[in-house]
Amino acid sequence: MNRSKETPTQRSITAGADFLQLAAADAPPGRLADWLAHRLREAVADGRLPAGSRLPATRVLAEELRISRGVVTEAYRRLTEEGRLAGRGRGGTVVLDTPAPPAPPPSVPSVPSASEPALFEAAPVPASFDALRAAPARIDLSPGVPDLAAFPRAAWLRAERAVLDGLAAHEFGYGDPRGTAALREAVARWLARNRGIRADPDEVLIVAGAAQALALLGQVFGRAGLTEVAVEDPGSLGTRQHLGHWLRATPPVPVDAEGIRVDVLRATGAPAVLLTPAHQFPSGVVLGGRRRRELLHWAGEGGLVIEDDYDAEHRYDRPPVPALRAVLPEQVCYMGSISKLLAPALRTGWLLVPPRYREDALAAKRFADLGNAVLPQLVLARLMDSGELERHLRQLRPRHRRRRDAMIAAIAAHLPGAVVHGTAAGLHLMVTFPAGLGCTDAELATAALAHGVKVQPLSWHAQQPHPPGLVLGYAAGTPGEIADGVAVLGRLLRRSG
């Protein structure tokens, strides 16, 4: 096959492709098709061309390499006959699934397997969540997982098309690290309508979910000399880990039927506290009126509150409680997200901080990532302002209520004596067991996972001694799956005596 009439030096400069960094000058004389087929075969074998990936059109690759199109066609034909490629018409030429080479032994200790008792029975580490998410299970009753199948794909696609149709070329550049003006304005309106918070859009900082909000606050507080933030106990293990990464200590404060014990909070001497007042995780307690007054008095004396508005939208049997930020904005850092309302994969949330921390929080965000991706922000803003997000929430509530009711019924049938907490709102229930359980909650969670049911032990989320229990999510499972999963727990408990 003929090459274009260039010198070898010219070919080494111009006859190359970004695809696999191919350069025709590397081919042995007269063996272009052999060389190209060999390079493609190598790329399929070592994973640079994984199953399902599409190869460039023969015309395009031939032009980039400045070789005959017949050479590329011949190389593709050989790999097709070997079963490595397949022509899909307008879909192009794609790589087929081929057996992968055996993985080399790991050179460092791997994350504990979810089937190992150490996952639940040893002190949890940040990687424990990764291992649990990756663990195969027939039924997933993990808390914090929304109904991902209910994601409003059609509404999202309509909003995305509308956004792209109206987007000017310059808007594809770098955005404002605070977040797009459209989403900050939409969030401010959303908070005013749904949480009673009056905020100027300039006060809103768009972040990559609650996890990044905690990371930014940890950095800001550390620079300000604030190295301790008290946390609810029991309280979210993940939240405690995020804060603990940046701060010196997260002293526990017990939670009872009215919410956090403000008297104990005072006794810790901690200058700040992180709360989930609308629906405490994991107990589901709503911060009572008397405790709210005590807490606001403590904050008015100089204490700082981080308000995680966890599950505030997901309520079934009670009216919403006002956000603390709505009452005392000068002493409350407020954070929320759409992870439980739409999907965690969108990595979108918001953070409001008192004025004295605002510039430092913006600087931390700027140097973290220059701001969230612009296009998803604009789509979300459109969903918020059009009413689609509230419509989606109204559709979710009856479905979640049915699944909650199915879990309550299954617990009554299969876990007699268990006490259920937090039924009025949220996406999970906390279950505690009487004395004489016969095993620890970590052992029960381990046995459940071995039988294909994924749950979290309450002990994961407690720093101080607490009755054994489980934290069970119901949003992502059907009523039948929920009933089957709880039945497995019942059988395991009966075996334990």
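Look up a bit, the structure's there.
First, a word on scope: everything that follows refers to the structure included in this document.

## A short note on the sheet that holds strand 16 (residues 469-473)
Turning to step 1, where the next piece is worked out: Sheet architecture is open: 4 strands sit in the order 12-13-16-15, paired in antiparallel fashion. With one partner strand each, in any of the chains shown, strand 12 (419-421) and strand 15 (456-457) form the two edges of the open sheet.
Turning to step 2, where the next piece is worked out: Judged from the 2 bridges that link them, strand 15 and strand 16 form a sheet pairing that is antiparallel. When the bridges of strand 16 are listed, Pro-457 appears paired with Leu-470.

## Looking at the pattern of salt bridges
Turning to step 1, where the next piece is worked out: Scanning the model with the defined rule gives 31 salt bridges in all.
Turning to step 2, where the next piece is worked out: The shortest N-O distance in the salt bridge between Arg-41 and Glu-82 comes to 2.8 Å. Of this pair, Arg-41 sits in helix 2 (residues 32-46) while Glu-82 sits in the loop between helix 4 (69-81) and strand 1 (85-87), placing them 41 residues apart in sequence.
Turning to step 3, where the next piece is worked out: Among the residues examined, Arg-41 registers a relative accessible area of 23% and is labelled partly exposed.
Turning to step 4, where the next piece is worked out: For Arg-291, the salt bridge goes to Asp-256, with nearest N and O atoms at 2.8 Å. A residue pair is termed long-range when its members are at least 10 positions apart, and Arg-291 in helix 12 (residues 289-300) and Asp-256 in strand 6 (residues 252-256) qualify at 35 residues.

## Brief notes about the pairing of strand 8 (residues 272-275)
Turning to step 1, where the next piece is worked out: Residues Ala-272 and Leu-274 of strand 8 are buried on one face, and the alternating residues Val-273 and Leu-275, pointing to the opposite face, are buried as well.
Turning to step 2, where the next piece is worked out: Across 2 bridges, strand 5 (residues 230-233) lies against strand 8 in parallel orientation. What sits directly across from Val-231, in strand 8, is Leu-274.

## Brief notes about the packing of aromatic side chains
Centre distance and the angle of the planes are the two values used to describe a pair of aromatic rings.
Turning to step 1, where the next piece is worked out: Inspection of every chain in the model, using the stated rule, returns 5 aromatic pairs.
Turning to step 2, where the next piece is worked out: Consider the rings of Phe-281 and Tyr-310, whose centres lie 5.5 Å apart with planes at 75°: the pair is edge-to-face. Placement of the pair is Phe-281 in the loop between strand 8 and helix 12 and Tyr-310 in the loop between strand 9 (304-308) and strand 10 (332-337), with a sequence separation of 29 residues. Note on accessibility: Phe-281 and Tyr-310 belong to one class, buried.

## Description of the layout of surface pockets
Turning to step 1, where the next piece is worked out: Estimates place the volume of the second largest pocket at around 200 Å³.
Turning to step 2, where the next piece is worked out: As for the second largest pocket, its lining consists of 14 residues, and the residues nearest its centre are Leu-415, Pro-416, Phe-433, Leu-437 and Leu-493.
Turning to step 3, where the next piece is worked out: Considering every element that reaches the lining of the second largest pocket, the biggest residue donor is helix 17 (residues 479-496), with 3 residues.
Turning to step 4, where the next piece is worked out: Of the residues that constitute the lining of the second largest pocket, the class distribution is 8 nonpolar, 5 polar and 1 charged.

## Examining a positive patch on the surface
Turning to step 1, where the next piece is worked out: Taken together, the side chains of Arg-138, Arg-491, Arg-494 and Arg-495 define a basic patch exposed on the protein surface.
Turning to step 2, where the next piece is worked out: With respect to the secondary-structure elements, Arg-495 resides in helix 17.
Turning to step 3, where the next piece is worked out: Among the residues examined, Arg-495 registers a relative accessible area of 61% and is labelled exposed.

Cut-off values and rules
Residues numbered from 1 in each chain as written. Predicted model: local features only at pLDDT ≥ 70, side-chain atom pairs only at ≥ 80, totals over all residues. Heavy atoms only, no water. Pairing = 2+ DSSP bridges. Helix = DSSP H or I, 4+ residues; strand = E, 2+ residues; numbered from the N terminus. Salt bridge = Lys/Arg side-chain N within 4 Å of Asp/Glu carboxyl O. Buried < 20%, exposed > 50% of the residue type's maximum accessible area, 1.4 Å probe, protein only. Phe/Tyr/Trp six-rings, centres within 6.5 Å; stacked < 30°, edge-to-face > 60°. 1 Å grid on protein atoms, 1.4 Å probe; cavity = no way out; pocket = protein on both sides within 12 Å on 5 of 7 lines; lining within 4 Å. Points joined across faces, edges and corners; volume = space filled by probe spheres on them. Nonpolar A, V, L, I, M, F, W, Y, C, P; charged D, E, K, R; others polar. Patch = residues over 30% accessible without salt bridge, like charges linked within 9 Å, V, L, I, M, F, W, Y side chains within 5 Å. Areas by Shrake-Rupley, 256 points an atom, 1.4 Å probe, with all protein chains shown as cover. Lys, Arg positive; Asp, Glu negative; His and termini not counted. Charge placed at Lys NZ, Arg CZ, Asp CG, Glu CD.

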